[in-house]
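Residue-level structure breakdown
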Amino acid sequence: MNEHVLKIRNLRIESVAGTTLVDGVDLTVARGEVLGLIGESGAGKSTIGLASMGYARAGCRIVGGTIELEGKELRSLGAEGRRDLRGTRIAYVAQSASASFNPAHTIMRQVCEIPVYHGLMTRAQAKAHAIELFRSLGLPEPEKFGEKYPHEVSGGQLQRAMAAMAIAGKPDILVFDEPTTALDVTTQIEVLALIKKIIWEFGTAALYITHDLAVVAQVADRIMVLRGGRTVEMGTCEQILSAPVEDYTRLLVAERDVHHSLVSDALVDAEKTVLEVDRVNAAYGSISILQDVSLTIAKGETLAVVGESGSGKSSLARVIVGLHSATSGSVRFEKKTLDPNCRNRSRTDQQGIQLVHQHPDVSLNPRQTIGNIIGRPARFYGGLSGRALKQKITELLKMVGLPENFAVRKPGTLSGGQKQRVSIARALAANPALIICDEPTSALDPLVAQEILELLVRLQRELGLSYLFITHDLGIVQRLAHRTLVLLKGEVVSIGATREVFSPPMHPYTQKLIESVPAMKTNWLDGVLAARADRTAREEPTAA
Amino acid sequence: MRLFKNVITRMILERVMLGILTLFAVSVLIFAATSILPGDAATAVLGQGATPETVKAYREELGLDRPAIVRYGDWLAGVVQGDLGTSLTTRQPISDSVIPRFENTLFLAGFAALIAVPLAIGLGIIAAINEGRLVDRVANIVSLGAISVPEFFVAYLLILFFAVKLGLFPTLATVFPEMGFFDRLYVTILPVIALIMIVTAHMLRMTRSAVLSVLSQPYIEMAFLKGLRRRSVIMQHALPNAAAPIISVVALNLAYLIVGVVVIEVVFVYPGLGQYMVDAVSKRDLPVVQGCALLFAATFVAVNALADILSVAINPRLRRSRH
Amino acid sequence: MKSSLQRPPLTAIIGLVIVATFLLLAIFGSYIAPYSEFETVGETWAPSSAEFLLGTDNLGRDILSRIIIGAQMTIGIAVTCTMLSFVIGTVVGLAASVASNVVDQIFSRSVDILLSIPVLIFALIVLSAFGSSMPVLILTIALIDAPRVFRVARALAMNVRNLEFVETAWLRGESRWWLMTREILPNILPPMISEFGLRFCFNFLIVAGLSFLGLGIQPPSADWGGMVRENGQAITFGISAPIWPALAIGLVTIGINLVVDWVLSMNARPSGASAEL
């Protein structure tokens, strides 16, 4: 038996157009070991994950190096040989379970496919095995679960079913490609626990790909940091977290470590209320999305709205800006009640509340120059033109830390962080009192996100802006928000000074939220799971 | 099982209702276009030189002096009972001459579709799974050529080579009621080939892109990563999901068959509905035009409704919906 | 961006050459043609010779000259139809994308009904009611084509309309006209241009088909579809007179399709799993 399940040497992957995607990466995974691959988007981590199965996506080519799986070199093995190993020796768990299941077949058929197709088991054996797997992964009604079609079960169940599908062929190594990225923190913790259980129970090795260092620290034995297709640093989990060698790694570790607040209450003018939302209810058709939501924001203050997907936090923003009408309740801005429809609001009201969106790629018109994009609000509201307008554009660019010559460029030539700066400049151009930030950093890489947050804090200090900051990231909240509102299924669970909201006594949901945020330490997950089990045991002594 | 039947039945009923509704709207449109607008049937037939008196008398004879809505009601009532009215030029009931011609057209189009549909689907799938390879490139260029040239170009080339130069087939597709089945096949072979070429090309291209869009789904990648062979991935994972889009492609492309059939019938002087309609248009025999148009549109709507129903029936998502 | 600078493939070059040639013919045809389009210069259906490269037609007119001069009329009408249908279809499509949901639904459902009648059948109905004349022909084809343009324009515009930058402009209080013309239109223009090529081909073939059926452009003007009709009888004698104008029609369409194919392939990505296929 080979000591290493997977051994990659000097791997080089290029796009068909000739750009280098992965450049000279070496890695090994020992039997039963978990190697975490971490990096920003474009670091090449998913490409490496697929290459470890001898697979390259359309438009990519493996051009150099060796990939040894169980001592067999995949590149020289030929297509048929690679196929024999896929599913049986190495299996893949994708980010999106719903996209990875074929909608035309039952779950059972797809879970049995690997063992039956590769001749490991008869159909009956594979079925019995699958039912066992469903049971051990905690799926409801394991005997009947497999008869369902993918669209008939919940997302969380499908995620489990995908794990079952991957281990059905009893592989030696699993490739996890961002399995928790699309999930809420409270769901993420369950999936992480599941992955740990699989690795531990079945003794498989794993390649765990993610952009979140804290997540990978919970499951990995060793971590490899990637950037731009090259290895930055490799080490044990403890070493990377406690004694990173490279600057880049140090920044990554530090980013999540910042828990001190970047803002102070001194600049908040508590007497002056900018926005007041009073018992707002809203619905889509017959489905209620907001129930009796009330909040206030003072001048110079940041109110964070926290919640998971579906909690109604974005709907709240849409009600405030007038894109969605509330069924009852009122929104008052600078003491005036706003019309529920943004189109019926006065120019000054439209001007006073600006929105910064989540996705920098689609928040700027790709056919307009940056100058036109940020100049338009100044022209539209302020009536600026000619030299004055040009001056204003320069001033705005400077304010958000972009060079003057960006005015003539188009969004396509900018990076994500630069685009988000332009979005902020466009909001500032209207001279607003309140900016609603709808997850402005969630689409950015961590280090870039950090810079944007710092920019927002600086602008608040300089201009006395108020922010309504929508996010699912509690780390951001603790750094940025004076006050916090926790939203659960459209209802306000808790609202108050950030420090108080997150200190005991907490609402149980807030506690669950805060517990679910991975900490930058290796045994965090085990601790949380133990604490949870403990709590359950105490709450239900008879059932235990 | 009961649930499955209910959902399917409901959706099929919905499609049928939608088809009937569309057909009703289409009938209004056809009637409006030919009856309410200026230049009515009387002036069309009698010509510009007719005296106002004759026009008036003729209009009364045709019932054109009554309000349009009443005339539409009468027309529709007739159509529902299978009576398409009276031809202005022959003064014969339209239904009597339309029905045998419609059968002829169905024979021609059906014959062509029978060969073209499986051919196009097969070639489209082959092109898609060989994207970028020689087979695909050849299929692309040839089908591009075939959709670019007019129907009559294909028809005349076929006549020139197979009928005139080689003398294998007749230049005209003359059929008569007493003709035997195989004689019919023989004389219609050239028009059928022309139709097949045109329809196959359109259908092939759209089938190809429908299959390609399925092949770019993540579950196809997953199937490869499970170690399945290319053949299994295509047969078990791609095609079951491509079936529904392919069915709608086929239905959509029968529109080209209808357009093609009109031109091809004229080229080969084939006694079908298309030729009859073109004849009526040049004589401005409006009731005949209305009747033919309605038949063509009804066929097209029916085929599309049928395709919709088929895609519902084969969709596993709908077969067992939670609702 | 990068791929557009690459040398076009052979098929695209062929397409460009064909399109350019016929455009030149359409503009300067009457100066290039060796004979007049109306004048009888030879015998009926004379075979090709040095004198008449493609032979003569049913009235002894030079076929080559009639093809060259007819280019203007044949291509011109299809271009006019397509431009008209594009203006109507795009404006209404853009309007539907920024209009209220109800208005959009009314537009879309009406278009669904219009689309359930095959084009040629629709054209035949209208021409039977109005008789065939140039303005009627152009308007008819344009109006029949417009719903198809509308569908494409609306679908493209809807994709853009839901993007955040349009929402930002909407919140700013910009007029619907601004949204249509400044925010959405520039972003749907590139795909609409290739769509123009495809719709032109389609209209071109329909106009040719109608002329062939004797319901399009009326003689004695030289137009390709009509020339095929006039010489259709010749084919039974093995004379290729109707083949030439039909070939001209095919060539123009092939040329445009080749160019459009190239333009579309520049933006297309290889589909997902083809690496293993």
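Per an unreviewed UniProt entry, chain C is named ABC transporter permease, and its organism is Mesorhizobium zhangyense. Recorded under Subcellular location (unreviewed entry), the UniProt text for chain C is reproduced unchanged: "Cell membrane". Comment text from UniProt for chain C, heading Sequence similarities (unreviewed entry), reads "Belongs to the binding-protein-dependent transport system permease family."

Going by an unreviewed UniProt entry, chain A carries the name ABC transporter ATP-binding protein and comes from Mesorhizobium zhangyense. Note on chain A: under the UniProt heading Sequence similarities (unreviewed entry), the record states "Belongs to the ABC transporter superfamily." Check the Subcellular location (unreviewed entry) section of the UniProt entry for chain A; it says "Cell inner membrane".

Turning next to the interface of chain B and chain C. Contacts between the two partners involve 56 residues from chain B, matched on the other side by 49 residues from chain C. Between chain B and chain C the total buried area reaches about 4400 Å² when both faces are included, carbon and sulfur atoms providing 80% of it. Ranking the residues of chain B by area buried against chain C places B:S148, B:F152 and B:Y156 at the top, with a combined share of 14%. For the interface between chain B and chain C, the tally reads 1 salt bridge. Among the salt bridges present, the one from C:D261 reaches B:R205, with a minimum N-O distance of 3.6 Å. Scanning the region where chain B abuts chain C turns up 5 residue pairs in polar contact (both at pLDDT 80 or more). Listing elements by their share of the side of chain B that touches chain C, those giving two or more residues are helix 1 (2–35), helix 6 (134–148), helix 7 (151–165), helix 9 (189–215), helix 10 (218–225), helix 11 (230–267), helix 12 (273–283) and helix 13 (286–314) of chain B. For the side of chain B that touches chain C, the element with the highest residue contribution is helix 11 of chain B, accounting for 9 residues. Across the side of chain B that touches chain C, the residue classes break down as 42 nonpolar, 9 polar and 5 charged.

Residue and element names in this part refer to chain B. Running from amino to carboxyl end, helix 5 (residues 94–129) crosses helix 11 at an angle of 145°, the nearest separation of the two axes being 8 Å. Here helix 5 runs over helix 11; the crossing is right-handed. Contacts between helix 5 and helix 11 involve T105, L108, A109, A112, A113, V117, I121, I125 and I129 from the first element and R230, I234, L239, I246, V250, L257, V261 and E265 from the second. The residue makeup of the contact of helix 5 with helix 11, split by class, is 14 nonpolar, 1 polar and 2 charged.

Comment: phi is negative for the bulk of residues other than glycine, and the bulk of peptide bonds are trans. All names here are of chain A. Note that the residue after P504, namely P505, is joined by a cis bond; omega there is 0°. With respect to the helices and strands, the residue P505 is situated in the loop between helix 20 (498–501) and helix 21 (508–516). Even without glycine at this site, E141 takes up a positive phi of about 45°. Looking at the element boundaries, E141 is found in the loop between helix 6 (123–136) and helix 7 (142–145). Looking at E141, the relative accessible area reads 48%, which means it is partly exposed. Positive phi is not limited to glycine here, since K489 has a value of about 50°.

On to the UniProt feature "domain: ABC transporter" (unreviewed entry) in chain A, then. Residue and element names in this part refer to chain A. Those residues carrying the UniProt feature "domain: ABC transporter" (unreviewed entry) are residues 6–253 and 275–514 in this numbering. Annotated as residues 6–253, this span is 41% helix and 27% strand, and its ends, taken at the C-alpha atoms, are 27 Å apart. Across residues 275–514, helical content stands at 38% and strand content at 27%; the span's end C-alpha atoms are separated by 27 Å.

Oppositely charged side chains may form a pair once their charged atoms are brought near each other. Counted according to the given criterion, the structure contains 40 salt bridges over all chains. For C:E174, the salt bridge identified is with C:R172, shortest N-O distance 2.7 Å. Sharing partners across several salt bridges, the network here consists of A:R12, A:E14, A:D23, A:R61 and A:R230.

So, on to the domain arrangement of chain A. All names here are of chain A. Domain boundaries assigned for chain A yield domain 1 (1–89 + 173–257), domain 2 (97–170) and domain 3 (265–505). Where domain 1 touches domain 3, the interface holds 0 salt bridges. Counting the contacts that link domain 1 with domain 3 gives 3 residue pairs in polar contact (both at pLDDT 80 or more). For the side of domain 1 that touches domain 3, the secondary structure elements donating two or more residues are helix 9 (185–202) and helix 12 (247–257). Ranked by residue count, the leading element in the side of domain 1 that touches domain 3 is helix 12, at 4 residues.

Moving on: the sheet that holds strand 2 (residues 20–30) of chain A. All names here are of chain A. Pairing is antiparallel in the open sheet, where 4 strands are placed in the order 2-1-4-5. In the strand order of this sheet, the two ends are held by strand 2 and strand 5 (72–73), each with one partner. Sheet topology note: the strand 4 (residues 60–69)/strand 5 ladder contains 2 bridges and is antiparallel. Residue pairing for strand 5: E68 is matched across the bridge by E73.

Rules used throughout
Residues numbered from 1 in each chain as written. Chains lettered and ligands numbered in written order. Predicted model: local features only at pLDDT ≥ 70, side-chain atom pairs only at ≥ 80, totals over all residues. Heavy atoms only, no water. UniProt positions renumbered as here; feature names shortened; annotations may be inferred. Contact = heavy atoms within 4.5 Å. Buried area = accessible area lost by both parts, 1.4 Å probe. Salt bridge = Lys/Arg side-chain N within 4 Å of Asp/Glu carboxyl O. Polar contact = N/O pair within 3.5 Å; in protein donor to acceptor, adjacent residues only side chain to side chain. Helix = DSSP H or I, 4+ residues; strand = E, 2+ residues; numbered from the N terminus. Nonpolar A, V, L, I, M, F, W, Y, C, P; charged D, E, K, R; others polar. Axes fitted to C-alpha atoms, helices over the stretch in contact; angles between N-to-C directions. Left-handed = near helix turned anticlockwise from the far one by under 90°. Buried < 20%, exposed > 50% of the residue type's maximum accessible area, 1.4 Å probe, protein only. Domains from an automatic or database assignment. Pairing = 2+ DSSP bridges.

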